[in-house]
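Coordinates in review
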Amino acid sequence: MIGLISATAAGAAARDRLATAWPDRTRVYDGPVRDAVRAAFAECEQLVCFLATGAVVRLIAPLLGDKAADPGVVCVDEGGRFAVSLVGGHGGGANELAREVGGLLAATPVVTTATDAVGVPGLDTLGLPVEGAVAAVSRALLDGEPVALDAEVTWPLPPLPVAAEGAYTIRVTDRDVEPGPREVVVRPPTLRVGVGASRGAPAEEVLELVADALRDAGLSAASVAELATVDAKSAEPGIVAAAARLGVPLVTCSAEELAGVDVPNPSAAPLAAVGTPSVAEAAALLRGGELLVPKRKSAGRPAMATCAVARRPARGRLAVVGLGPGARDLLTPRAGAELRRASVVVGLDQYVDQIRDLLRPGTRVLESGLGAEEERARTAVAEARAGHAVALIGSGDAGVYAMASPALAEASDDIDVAGVPGVTAALAGAAVLGAPLGHDHVSISLSDLHTPWEVIERRVRAAAEADLVVTFYNPRSRGRAWQLPTALGILAEHRAPATPVGVVRNASRADESSRLTTLGALDAAWVDMMTVVTVGNTATREIAGRMVTPRGYRWQDTRQEEAR
């Protein structure tokens, strides 16, 4: 919960905007400011104070305890110009909250945490347990000293500016090791513990069994991701309590699913009891992985629990990111966040150049030239399958004549996929022209590199007969000069020569150019591959130099009546 505190009418107005935008995340604290801050500090995970930073410093100073437990505090000035991350930047989430508040209130987020200021992820913000010399290794990263990455297990991490060797080390491991004096140990959630139990098995017996299994195998309890068992044991008190004490979810599977898993130690006892020859090993291995600890029994007499431990494969993440038409202010915040999150960026070289300055230090960039779309898609999917956080970039929207379709045709369900929409060339061009897409419309690519011309021609003819506004992508190149005149000729069979046509080149970029003409007057020589051509329907009009397609046809009927 986020506590909101203000002292003036101006502050209250901004406070109320946050409360309205985040009704389920915020709580307004009224009354004397000192009492409000004290109450919010004790009851909330984060605070946003619409007060001067000096005042907030004095109010919270007596309340500060442990930075790992204190709430994050953000200050917003009376003018709503700045959202300042005051304390708890990482542990309390104040840095990210300042960015969120800034985005909502149109205020500039002010973040002074060193790692955030230079674009290096804080080791304590990875969302994973970390141990060791966090401050010393973070300082080494900031100072540009060589820091080695020792990844004993693969896990999708954000980019880190690491070297092959160094005096400092970031070790990624699920083994139970003590960090060295210049080392940070990062523990990813790689371990799945399968558990079986007799009715009434005590939680202490289950917990002791799991702890012994991890200790004997040299594995860290901090890397346990979940306990897994058969559906029939989903409410077994000892298993439920053990998962709660370990702080991990309890995942249950049907006996049929478990029976289909090949295990080294099947048994007739669980087959008779719950319908599967294995519970512990099968539950640990259900989603694949490596069996690290075969089935073992608890020390009770009689033994009332069994467990097995598997290392689950790293599940990589592929974000297919649309960069928009080219202007930086049309790159969405979500796209920017995905670029900062990715440790690997795959894309066309000219698109990489557009966003290279947004990438964090340590990002691995895999770029290639024109005509290598399928290769880029395969590369991005392969990197995600290797357990990395990958961003596959393209212009406009990634799903419109771009990289999403070849990438998703290549991907399977062994990776996580996120689509990040972007502003398309058609939309950017339409905004320049006026409102040509105000009614039903269609986009058609005139490139026959991937689609036979017979198919393209059939689609153009269908759009012409349906009286749809048409935006042509890839309209004309040096080697493809005849397709655009042919397509325009098909449209001309159904539309008057005076039909408005908009031509926009490099929409939203510094060298943007546009012209509004007609179907009869359009010169194909004006058009190249950097151009989108939008042809109006029978209702589209030029009004005050702008291309407008009305939302309904009443206007067209009225104009026709007036013409009579």
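The structure we're discussing is the one just above.
Residues numbered from 1 in each chain as written. Predicted model: local features only at pLDDT ≥ 70, side-chain atom pairs only at ≥ 80, totals over all residues. Heavy atoms only, no water.

Here we come to the packing of aromatic side chains. Overall, the coordinates contain two aromatic pairs when judged by the stated rule. Ring plane angle 70° and centroid distance 5.0 Å describe the contact between Trp453 and Trp482, whose orientation is recorded as edge-to-face. Remark: Trp482 occurs in the loop between strand 23 (469-473) and helix 18 (483-492) and Trp453 occurs in helix 17 (residues 453-465); sequence separation between them is 29 residues. Since its relative accessible area comes to 11%, Trp453 is described here as buried. Trp482 gets classed as partly exposed once you look at its relative accessible area, which sits at 44%. A cation over an aromatic ring shows up here: Arg25 above the ring of Trp22, its NZ or CZ 4.4 Å from the ring centre. (Phe/Tyr/Trp six-rings, centres within 6.5 Å; stacked < 30°, edge-to-face > 60°. Helix = DSSP H or I, 4+ residues; strand = E, 2+ residues; numbered from the N terminus. Buried < 20%, exposed > 50% of the residue type's maximum accessible area, 1.4 Å probe, protein only. Lys NZ or Arg CZ within 6 Å of the ring centre and 35° of its normal.)

Here the focus is helix 12 (residues 333-341). Those residues of helix 12 that fall on the buried side of the exposure criterion are Ala335, Gly336, Glu338 and Leu339. With its buried residues spanning 160° around the axis, helix 12 presents them on a single face. Exposed positions of helix 12 whose direction lies more than 90 degrees from the buried face are Pro333 and Arg334. Residues of helix 12 that are buried in the fold lie against strand 16 (317-322), helix 13 (349-355), strand 19 (389-394) and strand 20 (416-420). (Arc of directions from axis to C-beta. Contact = heavy atoms within 4.5 Å.)

Attention now moves to the pairing of strand 5 (residues 82-87). Bridging between strand 4 (residues 72-76) and strand 5 involves four bridges; their strand directions are antiparallel. Note on strand 5: the bridge partner recorded for Cys75 is Val84. Linking strand 4 to strand 5, which pair antiparallel, is a turn of five residues; within it Gly80 sits at a positive phi near 65°. Here three bridges tie strand 5 to strand 6 (residues 108-110), and the two strands are oriented parallel to one another. When the bridges of strand 6 are listed, Ala83 appears paired with Pro109. (Pairing = 2+ DSSP bridges.)

Right, let's get into the sheet that holds strand 5. Taken together, six strands build an open sheet; the order of strands is 2-1-3-4-5-6 and the sheet is mixed. What marks the edges here is a single partner per strand, and that holds for strand 2 (26-28) and strand 6. Across the sheet, the mean angle separating the axes of adjacent strands is 25° when strand polarity is ignored. Helix 3 (residues 53-60) contacts strand 3 (46-50), strand 4 and strand 5 of the sheet and is inclined by roughly 25° relative to strand 5. (Axes fitted to C-alpha atoms, helices over the stretch in contact; angles between N-to-C directions.)

None of this, on its own, says anything about what the molecule does.
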